[in-house]
Amino acid sequence: MGNTKILSSRFGKIKPDSVEEFVAAGGYEGLKKAITMKPEEIIQEIKNAYLFGRGGAAYPTGVKWEQAYAIPLEKGPKYMICNADEGEPGTFKDRHIMAEDPLMLIEGMTIGAFIFGAKEGYIYCRGEYSGIQKILKSAIKNATEAGYLGENIMGTGLNFNIKVVSGAGAYVCGENTALVESIEGKTGRPRRKPPYIKNAGLNMMPTVLNNVETYACIPWIVKEGGETFLSVGTEFSGGTKLMCLSGNVVQRGVYEVPFGTTLRELIYGLGGGIAGGKTLKFVHLGGSSGACFPEELLDTKICYNDLRKNGLSLGSGAVLVVDDTHCVVDYLKTVMEFFEDESCGKCTPCREGNRRMVEILEKLTSGRGAKEDLERLQRLARTMRNTSFCGLGQSAPVPVTTLLKHFAAEFEAHVQGRCPSGKCSMSGVRR
Amino acid sequence: MEKINLTIDGIDISVAKGSTILQAAKEAKVDIPTLCFLQGVHEPGSCRICVVEVEGWRGLQPACVTKAEEGIVVKTSSRLVRETRRDILELILANHNRECLSCKRNQKCELQKLAEDFGIDSNYYEKKGTCVELDQSGPVVRDTSKCVLCGRCVSVCSNIQKVNAIDLAYRGPNTSVTTPYEQSLSLRSCINCGQCIKVCPVGALQERDDTEKVWKALEDPELHVVVQTAPAVRVALGEEFGLPVGTNVKGKMVTALKRLGFNKIFDTTFGADLTIMEEGTELLHRINNGGKLPLITSCSPGWVKFCEHNYSDFLDNLSSCRSPQQMFGAVAKSYYPQKAGLDANKVFVVSVMPCTAKKFEADREELKINGLKDVDAVITTRELAKMIKQAGINFNELSDSYYDELLGTSTGAGVIFANTGGVMEAALRTVADILTGEDLQTIEYHEVRGLEGTKEATVNINGMELNVAIAHGTGNAAKLLDTIREGKADYHFIEVMACPGGCINGGGQPILMDKSKTQEVNQLRAASIYSLDRTAVKRKSHDNPEIKKIYAEFLDKPGSSKAHQLLHTHYIARN
Amino acid sequence: MEKVDEVLEKFRYAKEDLIQILLELQMLSGKNYLPQEWVEYVAKALDMPMNKVYGVMTFYGMFSTKPRGKNLIEVCKSGPCHVSGSQGIELMLEKELAIKPGETTDDGLFTLERSNCFGACDIAPAIKIGEKVYGNLTPDSLRAVIKSYREEA
Ligand SMILES: Cc1cc2nc3c(=O)[nH]c(=O)nc-3n(C[C@H](O)[C@H](O)[C@H](O)COP(=O)(O)O)c2cc1C
Ligand code: SF4
Ligand code: SF4
Ligand code: SF4
Ligand code: SF4
Ligand code: FES
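Overview of the structure. Just so we're clear, the structure is a prediction, and the values are computed from it rather than from any experiment.

**Considerations on the site of ligand 4**
The full set of residues close to ligand 4 is Val140(B), Cys157(B), Val163(B), Ala165(B), Leu185(B), Cys190(B), Ile191(B), Asn192(B), Cys193(B), Gly194(B) and Cys196(B). When grouped by side-chain class, the residues that make up the shell around ligand 4 number nine nonpolar, two polar and no charged.

**Overview of helix 6 (residues 86-97) of chain C**
Residue and element names in this part refer to chain C. If you check helix 6, its first and last C-alpha atoms are 16 Å apart, about what twelve residues at 1.5 Å a residue would give, namely 16 Å. Taken together, the buried positions of helix 6 are occupied by Ser86, Ile89, Glu90, Met92, Leu93, Glu94 and Leu97. Where helix 6 is buried, its residues contact strand 1 (71-76), helix 5 (79-82), strand 2 (110-115), strand 3 (127-129) and helix 7 (139-152).

**Details of the nonpolar core**
Met336(A), Leu364(A), Leu377(A), Leu403(A), Phe411(A), Tyr60(C) and Phe63(C) are the most contacted members of the largest nonpolar core, which has 88 residues in total. Ranked by the residues each element gives to this core, the list is headed by helix 14 (residues 328-342) of chain A, at eight residues. The contact partners of Leu364(A), leaving out residues within four places of it in the chain, are Val329(A), Gly369(A), Leu374(A), Leu377(A), Phe411(A), His414(A), Val415(A) and Met426(A). One finds Ala256(B), Phe262(B), Phe270(B) and Tyr335(B) within the second-largest nonpolar core, a separate group that totals 63 residues.

**Regarding the interface of chain C and chain A**
Facing the 33 residues of chain C at the interface are 46 residues of chain A. Approximately 3,000 Å² of surface area, both sides summed, lies buried where chain C meets chain A, with 53% of it carried by carbon and sulfur atoms. By the criterion of area lost to chain A, the three top residues of chain C are Phe59(C), Val83(C) and Asp122(C), representing 22% of everything that side buries. Joining chain C to chain A, the criterion identifies four salt bridges. Counting across the interface, chain C meets chain A through 22 residue pairs in polar contact (both at pLDDT 80 or more). For the side of chain C that touches chain A, the secondary-structure elements that each account for two or more residues are helix 2 (18-28), helix 4 (50-59) and helix 5 of chain C.

**Considering the pairing of strand 10 (residues 318-323) of chain A**
All names here are of chain A. Extensive coverage of strand 10 is indicated by the burial of six of its six residues. Along strand 10, one buried face is formed by Ala318, Leu320 and Val322 and the opposite face, lined by Val319, Val321 and Asp323, is buried too. Two elements, strand 6 (residues 240-247) and strand 10, share four bridges in a ladder whose sense is parallel. Each bridged residue has a counterpart across the sheet, and for Cys244 the counterpart in strand 10 is Ala318. Strand direction decides the pairing type here: strand 8 (residues 280-285) and strand 10, joined by five bridges, are antiparallel. Directly across from His284, in strand 10, lies its bridge partner Leu320.

**A few points about the interface of chain B and chain C**
In this assembly, 17 residues from chain B lie in contact with 17 residues from chain C. In total, chain B and chain C occlude about 1,300 Å² of area from one another, counting both sides; carbon and sulfur atoms represent 50% of this. When the buried surface of chain B facing chain C is broken down by residue, Tyr170(B), Arg171(B) and Tyr181(B) rank first, second and third, together holding 48% of it. Where chain B touches chain C, the interface holds two salt bridges. Run the count over chain B and chain C and you get nine residue pairs in polar contact (both at pLDDT 80 or more). At three residues, strand 8 (residues 167-169) of chain B tops the list of elements feeding residues into the side of chain B that touches chain C. Considered class by class, the residues forming the side of chain B that touches chain C number seven nonpolar, six polar and four charged.

Scoring rules and cut-offs
- Residues numbered from 1 in each chain as written.
- Chains lettered and ligands numbered in written order.
- Predicted model: local features only at pLDDT ≥ 70, side-chain atom pairs only at ≥ 80, totals over all residues.
- Heavy atoms only, no water.
- Near = heavy atom within 4 Å.
- Nonpolar A, V, L, I, M, F, W, Y, C, P; charged D, E, K, R; others polar.
- Helix = DSSP H or I, 4+ residues; strand = E, 2+ residues; numbered from the N terminus.
- Expected span 1.5 Å × (residues − 1).
- Buried < 20%, exposed > 50% of the residue type's maximum accessible area, 1.4 Å probe, protein only.
- Contact = heavy atoms within 4.5 Å.
- Core = buried A, V, L, I, M, F, W, Y, C linked by side-chain atoms within 4.5 Å.
- Buried area = accessible area lost by both parts, 1.4 Å probe.
- Salt bridge = Lys/Arg side-chain N within 4 Å of Asp/Glu carboxyl O.
- Polar contact = N/O pair within 3.5 Å; in protein donor to acceptor, adjacent residues only side chain to side chain.
- Pairing = 2+ DSSP bridges.

Structure (structure tokens):
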């Protein structure tokens, strides 16, 4: 396992909002180099880096920026937005970046602003991170005072300001268009697409939107070159990834690993294995909307291609480890309650589907389930995936189908009135 | 026009570029069910009942908002599509308070029809919907236990009427369409226009049922019950009995009302003619004496309340005239009992209106005269149809009858009050004759007709240039008043009707099962009104013999102190 | 209303800052909620229809239309905390405070709520009191935290 630190090298070593300490530790070298380059050249480096969006959808950032750059200057990208909503349960990597090295993110956004000629940037940070918003604001203030933000940045003639906007408790606002609505001060219900935000985003103007970690990779790529970044990872997945290890594992936390590391190495190597000498039951990868799978798949490499081949996706980089004292039906109910709650309520399949899935899981956990309930879960999952308006409803059924696939027997047992791990009440009461 | 080619259910078809899959399917004569979609009004693409399969595309696509593309192959009735739609429908129905038998939308409900088409007869899910609010405090009744959250009412109320009384609130399972703080509509800025009722696909929005009040009055031997019918009712009531849209059923309606037991059947057009006399005089008075201009009509109670809430700086511009309904009521409780030798306290006035806002107007305190309300009960076109059905009257077989005398003679001018532009035209007819002192042959003012949102014209009468404007739908009225506020426009006289299209499209008119036909239906109803005007014996308000009589024998002259006491009013700022 | 004016002033009456304004007002309320008079006042001042403002404030989870305790205790109920014993924490809190989730203690000091993940999964089970996060909770550490808030009051 290589130990190249692209993102976490300064974590814990500098005062997070101090420009001097940031610069002393190699900060702003990416921006300094970028302003000597042509925008096309910078974009080419990002493409060479095989950097994929770290927010969950894994869209190639170089391609996204190329498309944004191609939009004629008259309508040219006006806004740079950083998605710091980090609402996917089990994810806390963006929090670490913002709390420990926020200027790295700001530098990444400023390089983007240089490419696109953007004047205004926004960091949309979840309301629950109010303490971190303060760090961000202070870092922005210091960067402005030091001439890295504001008017005529580093003598380039570039004017760029960043505003921190707080969310107010809505997971769906992590979705691009909902986020933009929320910055506009509205309810965060997703918009219909097309138009895509690259053409008509904030205030219906062209908008570039990326995740915190995605922006944080940019300075390093510019400084060291796209190919160097790629060489750290695997053939088609460049660089490193911040993985969030949580649940029943000895050493929970954020780990920066190069692409190509296996899940087993992460959980048993870096994470020290399952806590309390128990055994692994399943891993929930990528957040609540990701897949759940058992031990057999642990040798899969953290790499977009390998994961896809195994029907998995990296999502936000959350790795929730669940030991065998837990019940999959009970766990799934918790997960679906999350989606029920967080559905924006706009479209039928998600608003009603999640809620009815919870209803069915309540039946199963109280011993009132029937065989047809399992079929119904599958049917609902298909309908939600195929017809939901946005990614939330489309991916909410992923844990349902994957747990049903890998733990069919445990669901069957619940139908027969038995919870093998003894977590469910099976009390039979109607609620 | 650029065309694209696609295949729908094996049918090759060529449609205009930019068409949606739904539009393309319509051209291919393929039906796709819809629920939330209302073209041009509300296109959220959110209910997902209209999903179809497009070969090679991920997931299913909502046909209503997905643009057709060159060469695509669409399947609208594959097993996957049918099963999926069924799932969606079951999800919607699971929350729904299914009480079709006692629901006012029974048989006119889009959800019920879908459930029938898909053969959904059982209920798999257990829990009921959580958002149950029943607001029956005002003329518009909201029952959220039937709401399917399509959001149509929100679009109409916010975007078309610009009232903003309701919105989608909360999220997840608590999502609901509601007022701020779940207060009753009557406590907020709702103008009772009922346009939300008209677009609601289900029975979640309704008018307050006042038929019981009317039945009770009819059964009370002490009371002398008179009824007035608004002009827009006669060209729409037939729809409730399956007659072609726009059929004039005036004669049958009068017969039906007699059969229901009303003592006298009168016509609101009499009140309309009275309004023209008073308002025309007011207009000339304001012009000649430097009064506040523009004069703005006040016969639409939805509009009046909108003005009170949002444009109270224009309250002095509002005509002080009561609306035709109220003018009628005022004389029905003064002049009429005097002539008929009745005790005014025993006269019970019922109105049949195309309008829900009239229910609110009738209850306004400031309109009471000597403690008596002008109008005691207001029912809508829909409610009248229901009463006729309940009484077992075979409407379509009825022969024609005539309105009763004294307050029952109408002119073409009074009849066209039903259409946007009608009040203006009626007023111009009278004002022109007054100014010229002649019986002019110019009767029709086509420049003020039509369904554009706002219209303006300059009319030259005897050398006097009259700048007039017309707006229908309060959203359009707001736009018009904004231009005046900004000093960008200058008018003498403005007509505003709260409902798009005017009273013919009022909130109390029959519900269309296919709401995409609204415009078409409005045109047919409006045409029927204009043809009634064309064939009327008298076409100008001041030529109405009963109007001449009431001024000669009771009111003296327009604007007299008696007229002021009975026929005028004042307004309340509500911001 | 002076407080409200100050906040509005700070955000220069910008409609797009509605959410930011409401967040700040909720903090100033002392009871973790948005008083109706304040909100109606804000809607007027920003020239926004009240139905839209109400739509916004009911959509976002952090806002409350009803008064809550001085300290809002949120117990994370999402997956990572769930498998790390959040239910036990919740039960303990219910006992310690003698209230159920959604309720406020009689002294107005605490409101207990169940929340979705707030990104403290590395120290699960975790709770949030106001802006502060407490993790790796045990019965003893939890009791100590509550005690410190009681003493501070
Ligand atoms: C329901 C939902 C929630 C999301 N939440 C987040 C989030 O919290 N943070 C994030 O960066 N991306 C989130 N995304 C993904 C974003 O929509 C978007 O793809 C991403 O921010 C783009 O940036 P990237 O290309 O740098 O990943 C979410 C998507 C959906 C559908
Ligand atoms: S899938 Fe539909 S209901 Fe769910 S969050 Fe997206 S738009 Fe809202
Ligand atoms: S709204 Fe429609 S489906 Fe619902 S009870 Fe009424 S008629 Fe039946
Ligand atoms: S009656 Fe008119 S104003 Fe009232 S809620 Fe309905 S559409 Fe809005
Ligand atoms: S009240 Fe009617 S129109 Fe409004 S959202 Fe509900 S179902 Fe749709
Ligand atoms: S009719 Fe197409 S989504 Fe509702």
